[in-house]
Amino acid sequence: MHKQTQAQPTTHAISDSLPNSLPTQMTSIGDSHQGTISLYIQGRNLPLKLEPDAHIVLGRRDTPDDTFVTVDLTPADGRRLGVSRRHAVIHMAGDTITVEDLGSSNGTFINDERLTPGQPAPLLSGDKLRLGKLVIMFVYYFPQPPRSRLG
């Protein structure tokens, strides 16, 4: 298979139908199989699902054609809750996921520990990610490897 080397930027908007409940099964990354990143946003019902190999910038869009933000948190009351325009970025490299604060005004936190701006920190499935006062549960699902019929 040929893998595309440069992906087109995609901005994900948070819909009004988005979580107060979390899935019962949460797994951590540690398997090389392709999976799904889900962001469960406080007060919403459904997760926002993203491609796991994406460079994911969390923030608020200035204009409809703003391509610097991958996930626009404005509809999740991001402005009132202290989300900066370009607040944080989630990176995936191999089987490691990190999050980095981009110099936000109100800080980025993992499980209530404030991140140092510009310093990537490990992000695990089930971690509570807080941007200002907006809480997001980060979940990474990966498929089970196929079972071999050979003994």
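Structure: see above.
Bear in mind the structure is a predicted one, so any value in this text is a computation, not a measurement. (Residues numbered from 1 in each chain as written. Predicted model: local features only at pLDDT ≥ 70, side-chain atom pairs only at ≥ 80, totals over all residues. Heavy atoms only, no water.)

Undergrad: Just checking my understanding: could you explain the overall build of the chain for this structure?
TA: Scanning the chain from terminus to terminus reveals zero helices and twelve strands. Ordered by position from the N terminus, the helices and strands of the chain form the series β-β-β-β-β-β-β-β-β-β-β-β. With 151 residues in all, the chain has 42% of them scored as buried. Carbon and sulfur atoms form 49% of the exposed surface of the chain, whose accessible area is close to 9,100 Å². (Helix = DSSP H or I, 4+ residues; strand = E, 2+ residues; numbered from the N terminus. Buried < 20%, exposed > 50% of the residue type's maximum accessible area, 1.4 Å probe, protein only. Areas by Shrake-Rupley, 256 points an atom, 1.4 Å probe, with all protein chains shown as cover.)

Undergrad: Would you explain the environment of Val-57 in this entry?
TA: One can find Val-57 in strand β4 (residues 56–59). For Val-57, a relative accessible area of 8% corresponds to the buried category. Sequence separation between Val-57 and Val-99 is 42 residues; the distance between their C-alpha atoms is 9.6 Å. Setting aside its immediate chain neighbours within four residues, Val-57 contacts Phe-68, Val-69, Thr-70, Val-71, Ala-88, Val-89 and Leu-102. (Contact = heavy atoms within 4.5 Å.)

Undergrad: Would you mind going over the pairing of β4 with me for this structure?
TA: The side chains of a regular strand alternate between both faces of the sheet. Covered by surrounding structure in β4 are Ile-56 and Leu-58 together with Val-57 and Gly-59, the residues of both alternating faces. Relative to strand β6 (residues 86–93), β4 is paired through four bridges, and the arrangement is antiparallel. Bridge assignment links Val-57 to a residue of β6, and that residue is Val-89. (Pairing = 2+ DSSP bridges.)

Undergrad: Just checking my understanding: could you explain the sheet that holds strand β3 (residues 48–50) for this structure?
TA: Pairing is antiparallel across the open sheet formed by six strands, whose spatial order is β3-β2-β12-β11-β8-β9. Here the strands that pair on one side only, and so sit at the sheet edges, are β3 and β9 (113–114). In this structure, strand β2 (residues 36–41) lies alongside β3, joined through three bridges in antiparallel fashion. Along β3, the bridge assignment pairs Leu-39 with Leu-48.

Undergrad: Even after reading the chapter, I still don't get the side chain of Arg-60, so can you show me in this structure?
TA: Looking at where Arg-60 falls in the secondary structure, it is placed in the loop between β4 and β5 (71–72). Excluding its chain neighbours within four sequence positions, the residues that come into contact with Arg-60 are Asp-66, Val-69, Asp-72, Thr-74, Gly-78, Arg-79, Val-83, Ser-84 and Arg-85.

Undergrad: How should the nonpolar core be read in this particular structure?
TA: The nonpolar side chains of a soluble globular protein tend to be buried, and buried together. Formed by 26 residues in total, the largest nonpolar core has its most connected members in Leu-39, Leu-58, Leu-73 and Ile-90. Considering each element in turn, this core owes the most residues, four residues, to strand β12 (residues 134–141). (Core = buried A, V, L, I, M, F, W, Y, C linked by side-chain atoms within 4.5 Å.)

Undergrad: Would you explain the pattern of salt bridges in this entry?
TA: Close approach of charged atoms allows side chains with opposite charge to pair. Using the criterion set out here, one finds three salt bridges in the structure. In this structure, Asp-77 and Arg-80 form a salt bridge, with 2.6 Å as the shortest nitrogen-oxygen distance. Salt bridges linked by common partners bring Asp-112, Lys-128 and Arg-130 together as one network. (Salt bridge = Lys/Arg side-chain N within 4 Å of Asp/Glu carboxyl O.)

Undergrad: Explain the pairing of strand β11 (residues 128–131) to me, please; I cannot follow it from the model alone.
TA: The side-chain alternation of β11 yields one buried face, formed by Leu-129 and Leu-131, and one unburied face, formed by Lys-128 and Arg-130. For strand β8 (residues 108–110) and β11, the ladder comprises three bridges, and the chain directions are antiparallel. Among the inter-strand pairings, Thr-108 is bridged to a residue of β11, identified as Leu-131. Note: β11 against β12, four bridges, orientation antiparallel.

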